[in-house]
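Structural overview for review
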Amino acid sequence: SNSLYILDKSTHRLIRWDNRSSALMLLVGRLTGTSGNDSSSLNQPNDLYIDGDLNIYIADTFNDRIQFFPSTSSVGQTLSFSPTLNRPMSITMNEG
């Protein structure tokens, strides 16, 4: 899709850069760059996975969860959470 996805750990955000227009778009997180634990905020995210339908999975490390963001929404759904996870750092998906 000619886009670069940037997971910015220190500002707790996911940004998409469109190669065609050179535009930046905030996809997940707060404009202020502060952390949060609600369904559309992150806290020290470390990894992401984007599937074939452009759904996004984020290892939201300091919130002890994996957040799933459907391609049409900036509101996430928690897939796994504490006490099951303790500071998840990476995501690998096996499709097929």
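Now for a quick tour of the structure. For clarity, every value in this text was computed on a predicted model and none was experimentally measured. (Residues numbered from 1 in each chain as written. Predicted model: local features only at pLDDT ≥ 70, side-chain atom pairs only at ≥ 80, totals over all residues. Heavy atoms only, no water.)

Time to look at the pairing of strand β6 (residues 65-69). Extensive coverage of β6 is indicated by the burial of five of its five residues. By the alternation rule, side chains of β6 split into R65, Q67 and F69 and I66 and F68, which are all buried. Bridge count between strand β5 (residues 56-60) and β6: five bridges; the pairing is antiparallel. Residue pairing for β6: D60 is matched across the bridge by R65. (Buried < 20%, exposed > 50% of the residue type's maximum accessible area, 1.4 Å probe, protein only. Helix = DSSP H or I, 4+ residues; strand = E, 2+ residues; numbered from the N terminus. Pairing = 2+ DSSP bridges.)

Quick look at a nonpolar patch on the surface now. Where nonpolar side chains cluster on the molecular surface, the patch consists of L4, I6 and L24 and spans about 280 Å² of accessible area. Turning to its location among the elements, I6 is positioned in strand β1 (residues 3-8). Classification of I6 as partly exposed rests on a relative accessible area of 34%. (Patch = residues over 30% accessible without salt bridge, like charges linked within 9 Å, V, L, I, M, F, W, Y side chains within 5 Å. Areas by Shrake-Rupley, 256 points an atom, 1.4 Å probe, with all protein chains shown as cover. Salt bridge = Lys/Arg side-chain N within 4 Å of Asp/Glu carboxyl O.)

Let us now look at the sheet that holds strand β2 (residues 13-18). Across the sheet, which stays open at both edges, the three strands sit in the order β1-β2-β3 with antiparallel pairing between neighbours. Two strands bound the open sheet, and with one partner strand each, they are β1 and β3 (23-28). Within this sheet the neighbouring strands show an average axis-to-axis angle of 25°, counted without direction. Relative to β2, β1 runs antiparallel, the two sharing six bridges. Across the sheet, the residue bridging to Y5 is R16, located in β2. (Axes fitted to C-alpha atoms, helices over the stretch in contact; angles between N-to-C directions.)

A word on the layout of surface pockets. Approximately 180 Å³ is the volume attributed to the largest pocket. Residue lining of the largest pocket: 14 residues in total, with R16, L27, L54, I56 and S71 positioned closest to the centre. Where the lining of the largest pocket is concerned, the elements lending two or more residues are β1 and β3. Taken together, the residues that form the lining of the largest pocket break down as seven nonpolar, six polar and one charged. (1 Å grid on protein atoms, 1.4 Å probe; cavity = no way out; pocket = protein on both sides within 12 Å on 5 of 7 lines; lining within 4 Å. Points joined across faces, edges and corners; volume = space filled by probe spheres on them. Nonpolar A, V, L, I, M, F, W, Y, C, P; charged D, E, K, R; others polar.)

Going through the model one piece at a time under the given rule, you end up with four salt bridges. Close ionic contact of D60 with R65 constitutes a salt bridge, the shortest N to O distance being 2.7 Å. Side by side, D60 and R65 carry an identical accessibility label, which is buried. With a shortest N-O distance of 3.0 Å, R87 and D64 are connected by a salt bridge. Of this pair, R87 sits in the segment after β7 (77-81) while D64 sits in the loop between β5 and β6; the two residues are 23 residues apart in sequence, bridging distant segments of the chain. Looking at R87, the relative accessible area reads 35%, which means it is partly exposed. Owing to a relative accessible area of 13%, D64 belongs among the buried residues under this scheme.

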